[in-house]
Amino acid sequence: MRAIVIDDERLARKELINLLNQLETVEVVGEAVNVEDAKEKIEQLQPDVIFLDIQMPEKTGFDLLEELDAVPYVIFTTAYDEYALKAFQVNALDYLLKPIEPKRLEEAIAKLTGKIEKQQKAEAEAQSTNSKKLTLDDQVFVKDGDRCWFVRLANVRLFESDGNYIKVYFDNFKPMIHKSLNALDERLDEKSFFRASRKHIINLGWVEGIEPWFNGGLVVTLRGGDRIEVSRRQAARFKEMMSL
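Residues numbered from 1 in each chain as written. Predicted model: local features only at pLDDT ≥ 70, side-chain atom pairs only at ≥ 80, totals over all residues. Heavy atoms only, no water.

- Identification of the protein as Response regulator from Algoriphagus limi is taken from an unreviewed UniProt entry.

Structure representation (structure tokens):
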């Protein structure tokens, strides 16, 4: 598996890279010293996992995750255990306290191996999907105040525009992210997500019912009860996609 180590402390990076180099299942493909450096390396190298320090100058590890479109697997590394609870609320793959113990690192890698094997199986079944688009198997990072989540797009039933923000509907949560609906629409796989109107993008896998509405439009009911109006302009395309 391809890994990037992100830490502003040179010695901490070198120590972790030395430990990882002793493991046959991991290839360290890069290292980064801050958030901007990390964003560039992640985009270029497409790692399977990032080992991410939380506390860094100017921007934190959480800031980095917020700025990524799609988030690889994350193992947090930090000397501050006060962040542990928050890291697990984010649903990180694992959390390693510095100085990192080789045994704990091996446990984290074993957990990661199982996750990646499962993901690769799913990707093999969807080989024809455009890799540049965000698919149902991708996960996004959502932060709302002190609460953070990694959310698989398959679990997001609805995106709703709210000013300069987007409300993300999953489970019983509706946190907001600072993105435009137009920008998000361009990144999502159109086989799985549909732009119902200027305000809404729906996950087609969550559609439970469809009924006619005023002026040639439609109303879509999603699992869970959300009712979304499909504009007249989009209704014909929606009918074609859903084979109505």
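A short note on the packing of aromatic side chains
- For the structure shown, the criterion picks out seven aromatic pairs.
- A centroid spacing of 6.0 Å and a plane angle of 50 degrees characterise the contact between F159 and F193, whose relative ring orientation is tilted. Of the two residues, F159 is situated in strand β8 (residues 156-162) and F193 in strand β11 (residues 193-195); the sequence distance between them amounts to 34 residues. Assigned by exposure class, F159 and F193 land together as buried.
- Ring centres of F194 and F238 lie 5.1 Å apart, and the angle between their planes is 55 degrees; this geometry places the pair in the tilted category. (Phe/Tyr/Trp six-rings, centres within 6.5 Å; stacked < 30°, edge-to-face > 60°. Helix = DSSP H or I, 4+ residues; strand = E, 2+ residues; numbered from the N terminus. Buried < 20%, exposed > 50% of the residue type's maximum accessible area, 1.4 Å probe, protein only.)

Observations regarding the pattern of salt bridges
- Taken as a whole and judged by the stated rule, the model has 18 salt bridges.
- Here E36 makes a salt bridge to K39, at a shortest N to O gap of 4.0 Å. Of this pair, E36 and K39 are both found in helix α2 (residues 35-45), three residues apart, which corresponds to roughly one turn of the helix.
- With a relative accessible area of 43%, E36 lands in the partly exposed category.
- Residue K39 is classed as partly exposed on the basis of its relative accessible area, which comes to 26%.
- We note a salt bridge from K59 to E36, for which the minimum N-O separation is 3.0 Å. One end of the pair, K59, is in the loop between β3 (49-53) and α3 (61-67); the other, E36, is in helix α2, and 23 residues separate them in sequence.
- Each of E36, K39, K59 and E67 takes part in a single network of salt bridges with overlapping partners. (Salt bridge = Lys/Arg side-chain N within 4 Å of Asp/Glu carboxyl O.)

Things to note about the sheet that holds strand β13 (residues 207-212)
- Pairing is antiparallel in the open sheet, where three strands are placed in the order β13-β14-β15. Edge positions in the sheet fall to β13 and β15 (227-230), since each of these pairs with one other strand and no more. In this sheet, neighbouring strand axes are inclined to one another by 25 degrees on average, regardless of whether the strands run parallel or antiparallel.
- Examined bridge by bridge, β13 and strand β14 (residues 218-222) share five bridges and lie antiparallel to one another. (Pairing = 2+ DSSP bridges. Axes fitted to C-alpha atoms, helices over the stretch in contact; angles between N-to-C directions.)

A few points about the sheet that holds strand β5 (residues 94-97)
- One open sheet holds the five strands; their spatial order is β2-β1-β3-β4-β5, and the pairing between them is parallel. With one partner strand each, in any of the chains shown, β2 (27-32) and β5 form the two edges of the open sheet. For this sheet the average axis-to-axis angle between neighbouring strands, irrespective of direction, equals 20 degrees.
- Running at roughly 170 degrees to β2, helix α1 (residues 10-21) makes contact with β1 (2-6), β2, β3 and β4 (73-78) of the sheet. (Contact = heavy atoms within 4.5 Å.)

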